[in-house]
Amino acid sequence: MDFLRPASWEEALAAKAEHPTAVPIAGGTDVMVEINFDHRRPEYLLDLNRIGDLYEWEVGEDTVRLGASVPYTKIMENLRAELPGLALASHTVASPQIRNRGGVGGNLGTASPAGDAHPALLAAGAEVEVASAARGTRLIPIDEFYTGVKRNALQPDELIRAVRIQKADGPQQYSKVGTRNAMVIAVCAFGLALHPRTRTVRTGIGSAAPTPVRAKAAEEFLNAALAEGGFWDNGKIITPSVAKQFADLCSAACNPIDDVRGTASYRRHAVGVMARRTLTWTWESYRGARRATEGAA
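Below: a short report on this structure. Here the structure is a predicted model, which is why all the values come from computation and not from measurement.

**So, the overall build of the protein chain**
Link 1 in the chain: Helix and strand counts for the protein chain come out as twelve helices and 13 strands.
Link 2 in the chain: Burial status across the protein chain gives 53% buried among its 297 residues.
Link 3 in the chain: Considering only intrachain contacts with a sequence separation of at least 6, the fraction spanning at least 24 residues in the protein chain is 63%.
Link 4 in the chain: Of the roughly 13,700 Å² that the protein chain leaves accessible, carbon and sulfur atoms contribute 51%.

**As for helix α1 (residues 9-18)**
Link 1 in the chain: All of the buried residues in α1 are W9, A12, L13, A15 and K16. Angularly, the buried residues of α1 cover 160° about the axis, an arc narrow enough to put them on a single face. Exposed and oriented more than 90 degrees from the buried face of α1 are E10 and E18.
Link 2 in the chain: Those residues of α1 that are buried lie in contact with β1 (2-4), β3 (44-47), β6 (126-132) and β10 (159-166).

**Focus: the sheet that holds strand β11 (residues 172-177)**
Link 1 in the chain: With respect to topology, three strands assemble into an open sheet ordered β11-β12-β13, the strand pairing being antiparallel. One side of each edge strand has no neighbouring strand; the edge strands of this open sheet are β11 and β13 (200-206). Adjacent strand axes in the sheet meet at a mean angle of 10°, parallel and antiparallel pairs treated alike.
Link 2 in the chain: Relative to β13, strand β12 (residues 188-195) runs antiparallel, the two sharing seven bridges.

**Quick word on the sheet that holds β1**
Link 1 in the chain: The strand order β1-β3-β2 describes an open sheet built from three strands, whose pairing is parallel. Strands at the two margins of the open sheet, each flanked by one partner only, are β1 and β2 (23-25). Along the sheet, successive strands turn relative to each other by an average axial angle of 30°, direction set aside.

**Focus: the packing of helix α11 (residues 240-252) against helix α12 (residues 264-296)**
Link 1 in the chain: Across the interface, α11 lies against α12 with an axial gap of 8 Å and an inter-helix angle of 140°. As the angle between them shows, α11 and α12 are arranged oblique. Seen along the crossing, α11 lies across α12 with a hand that is right-handed. Across the interface between the two elements, A243, F246, A247, C250 and S251 of α11 pack against R268, V271, G272, A275, R276 and L279 of α12.
Link 2 in the chain: Split by residue class, the contact of α11 with α12 holds seven nonpolar, two polar and two charged.

**Quick notes on the nonpolar core**
Link 1 in the chain: Judged by nonpolar contacts, the single largest core of 46 residues is most densely connected at L86, V104, L108, L121, I142 and I165.
Link 2 in the chain: Sequence-distant contacts of V104, that is, excluding residues within four places in its chain, are made with L66, A68, V70, Y72, I75, L86, A117, L121 and V163.
Link 3 in the chain: Membership of the second largest hydrophobic core comes to 31 residues, among which are A208, V213, W232 and M274.

**Considering helix α9 (residues 216-228)**
Along an α-helix, residues three or four positions apart point the same way, because every turn accommodates 3.6 residues.
Link 1 in the chain: The end-to-end C-alpha distance of α9, which contains 13 residues, comes to 18 Å, matching closely the 18 Å that a straight helix rising 1.5 Å per residue would cover.
Link 2 in the chain: All of the buried residues in α9 are A218, E219, L222, N223, A225 and L226. Seen along its axis, α9 keeps its buried residues to an arc of 165°; they face one direction. Of the exposed residues in α9, those oriented more than 90 degrees away from the buried face are E220, A227 and E228.
Link 3 in the chain: Of the surrounding secondary structure, the elements contacted by the buried residues of α9 are β13, α10 (231-234), α11 and α12.
Link 4 in the chain: The positive-phi residue at the C-terminal boundary of α9 is G230, with phi of around 65°.

The rules behind these values
Residues numbered from 1 in each chain as written. Predicted model: local features only at pLDDT ≥ 70, side-chain atom pairs only at ≥ 80, totals over all residues. Heavy atoms only, no water. Helix = DSSP H or I, 4+ residues; strand = E, 2+ residues; numbered from the N terminus. Buried < 20%, exposed > 50% of the residue type's maximum accessible area, 1.4 Å probe, protein only. Contact = heavy atoms within 4.5 Å. Areas by Shrake-Rupley, 256 points an atom, 1.4 Å probe, with all protein chains shown as cover. Arc of directions from axis to C-beta. Pairing = 2+ DSSP bridges. Axes fitted to C-alpha atoms, helices over the stretch in contact; angles between N-to-C directions. Parallel < 35°, antiparallel > 145°, perpendicular 65-115°, else oblique. Left-handed = near helix turned anticlockwise from the far one by under 90°. Nonpolar A, V, L, I, M, F, W, Y, C, P; charged D, E, K, R; others polar. Core = buried A, V, L, I, M, F, W, Y, C linked by side-chain atoms within 4.5 Å. Expected span 1.5 Å × (residues − 1).

Spelled out as structure tokens, the structure:
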């Protein structure tokens with residue numbers, strides 16, 4: 001196994017073009033596990049740790065550009081207001097040591113359906129910024145990024161440089177079920193984001209299908225119910241029947257398997273429970289913010 005250590009982004013792209021099978025490594029929290037268990041033995045490892053740009057983030061007017069290697073700890077400490085769902089997801093990642101090393105780029109590169117960041121990225125609305133030496137930079141919508149179990153839309157000569165995520169314009173939530181409270185792979189996970197500006201709701205489901213997915217039928221139902229009931233304007237409590245139907249549709253969006261962490265039926269049930277709870281939490285936050293705004297006026 002050869003170890004490639006580019007000193008710049010341009011050198012990294014050139015190395016990836018010359019060695020398309022090279023496996024990128026930054027935090028190494030996924031790659032090294034596979035190597036240590038002999039599940040993977042790549043011919044080349046492409047070390048990206050010397051590329052400072054990957055550890056930076058920029059907060060714009062509408063979006064956050066998050067470098068692929070920004071550690072989860074930095075997201076928790078610095079981007080809680082702009083990316084609340086992703087900050088909550090970051091809290092659930094493994095242990096402090098791994099949160100200090102791992103980043104969203106690794107989650108995306110591995111593309112495991114159990115990756116903790118995926119539901120939050122789907123719910124918030126994100127684009128993955130990738131580049132190659134030959135074709136330059138392109139943006140891949142998060143909905144188009146996951147193509148199969150641990151497969152993504154990257155071409156062999158492309159590397160992930162950053163993720164562009166819509167700044168929160170409303171409450172976001174994230175919930176995860178595991179067999180214990182730390183150092184655990186998700187049995188299933190759920191992300192929810194309210195977008196008052198567009199009066200829409202987005203979801204993200206992890207570890208309950210071959211890829212991370214959105215519950216689009218549930219979103220469409222809830223968007224229609226909120227609009228028809230005037231909920232965005234009147235700030236009323238969402239009725240139990242609406243919450244239940246939303247939860248049922250989220251469960252139906254799953255296509256899980258039985259494995260050592262949980263059964264398929266349990267995963268469907270748990271996703272429904274998380275969907276109902278996160279909807280309740282986010283809507284109460286929205287109502288509280290709306291009341292505060294009206295009081296100040």
